[in-house]
Every structure is written in C-alpha cells, then in structure tokens.
Amino acid sequence: MDNDISKKTFIITKENKAIIYDWYDKKYLQNDDFKELIVGFSIEADANSKASIWRTFIWIKENKVYFFISWAKTQQEMIDYVEEFWIEKNNILMVDGWPSSQYSSINEDKTFYWKWWVPQFFIVW
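The structure presented is a predicted model; accordingly, all values stated were derived computationally and were not measured. (Residues numbered from 1 in each chain as written. Predicted model: local features only at pLDDT ≥ 70, side-chain atom pairs only at ≥ 80, totals over all residues. Heavy atoms only, no water.)

Undergrad: What is the right way to read the overall build of the protein from this model?
TA: Along its length, the protein carries one helix and eight strands. Taken across its 125 residues, the protein has 34% of its residues classed as buried. Look at the contacts in the protein between residues 6 or more apart in sequence, and 48% of them connect residues 24 or more apart. Within the structure as shown, the protein displays about 8800 Å² of accessible surface, and the carbon and sulfur contribution to it stands at 52%. (Helix = DSSP H or I, 4+ residues; strand = E, 2+ residues; numbered from the N terminus. Buried < 20%, exposed > 50% of the residue type's maximum accessible area, 1.4 Å probe, protein only. Contact = heavy atoms within 4.5 Å. Areas by Shrake-Rupley, 256 points an atom, 1.4 Å probe, with all protein chains shown as cover.)

This is the structure:
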C-alpha cells in the first residue's frame, strides 16, 4: 500500500459501524477499535478504467452497506449509474474489477461462483 494509487479504506468497527475513509494509513491496522478493514480504490484511480469488466462499487449510508455490482461496465459507466441514484461519487469505494467483483450465491445448499475458480468475496451478515 505504499504506492500513489488513490485509495479508500472500508472499515467495520467493533461496534459494527461501517465507515469509508479516504486513502489508507498503516495506523488503521493497529487501531483496536477496528474489527475488519479492506483497502480498495478511489473511483479516481485507473483500475483498467476504459475496459468493460466486472465492477464493484461500495457505498455506506446510515450504517448500511450497499454494493453496486456489474458484469461488464467501464468505470465511467459505473460512476454514471451511481450518480443516477444521487449518490456523491466521493462516497464510493471501488474494488478492483476482477475476481473481487465476482458474483456468488448459495442455492439448494450448492455454492455457485460465476466464472472464477478461486473467488474472493465479502461475507455479509
């Protein structure tokens, strides 16, 4: 995390409060009040921005976490989409757009993963 790519940090505190901070700081890893921490991109970062690929944007409002997931969109198409919901783009964290953006579900006790053999995913409870 020591490069210049614009980042955001998604945090769940021990009190189960969801927060998105601009950028990333190593001190977040040492904060005992934080239970979970995921570093993603700011939507200003170039994450293969012009390619139409899997995308995941994360937004928090009133301690609810919203996922905007697309099978094939450019970064700008995703930005346009969330802005249609009147969401300010500076409140969005972007996940990289590859395996971390894959869809998975459980149906009849079978786990379905879209096109990736080794998925990465958030577990939402």
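Undergrad: Explain the packing of aromatic side chains here, please?
TA: For any pair of aromatic rings, the description consists of the separation of the ring centres together with the inter-plane angle of the planes. Inspection of the entire model under this criterion finds nine aromatic pairs. Aromatic pair Trp 59 and Tyr 66: ring centres 5.1 Å apart, planes at 35 degrees, arrangement tilted. For the pair Tyr 81 and Phe 85, a centre-to-centre distance of 5.3 Å together with 70 degrees between the ring planes defines the contact as edge-to-face. Classification of Tyr 81 as partly exposed rests on a relative accessible area of 35%. (Phe/Tyr/Trp six-rings, centres within 6.5 Å; stacked < 30°, edge-to-face > 60°.)

Undergrad: Would you mind showing me how to read the nonpolar core here?
TA: In a soluble, globular protein the nonpolar side chains are often hidden away together inside. Listed in full, the eleven residues of the largest apolar core are Ile 43, Ala 47, Phe 57, Trp 59, Phe 68, Met 78, Ile 79, Val 82, Ile 87, Ile 92 and Met 94. When contributions to this core are tallied by element, the ones reaching two or more residues are β4 (53-61), α1 (75-84) and β6 (92-95). The element contributing the most residues to this core is α1, with three residues. Excluding residues within four positions of it along the chain, Ile 79 makes contact with Ile 43, Phe 57 and Lys 89. By size, the runner-up hydrophobic cluster in this structure holds seven residues, among which are Phe 10, Ile 12, Ile 58 and Ile 60. (Core = buried A, V, L, I, M, F, W, Y, C linked by side-chain atoms within 4.5 Å.)

Undergrad: How should the pairing of strand β5 (residues 64-73) be read in this particular structure?
TA: Look at any regular strand and the pattern is simple: side chains alternate between the two faces of the sheet. As defined by bridge partners, β4 adjoins β5 across eight bridges and the pair is classed as antiparallel. Counterpart to Ile 53 in the pairing with β5 is Lys 73. Counting the residues that bridge the hairpin from β4 to β5 gives two residues, and of these Glu 62 lies at a positive phi of roughly 50 degrees. (Pairing = 2+ DSSP bridges.)

Undergrad: Would you explain unusual backbone geometry in this entry?
TA: Glycine aside, a negative phi is what most residues show, and trans is what most peptide bonds show. Here the phi dihedral of Asn 16 falls at roughly 60 degrees; this positive angle occurs in a residue that is not glycine. Positionally, Asn 16 belongs in the loop between β1 (7-13) and β2 (18-22). A relative accessible area of 37% means that Asn 16 is categorised as partly exposed. Here Glu 62, not a glycine, exhibits a phi torsion of approximately 50 degrees, which is positive. Tracing the backbone shows Glu 62 in the loop between β4 and β5.

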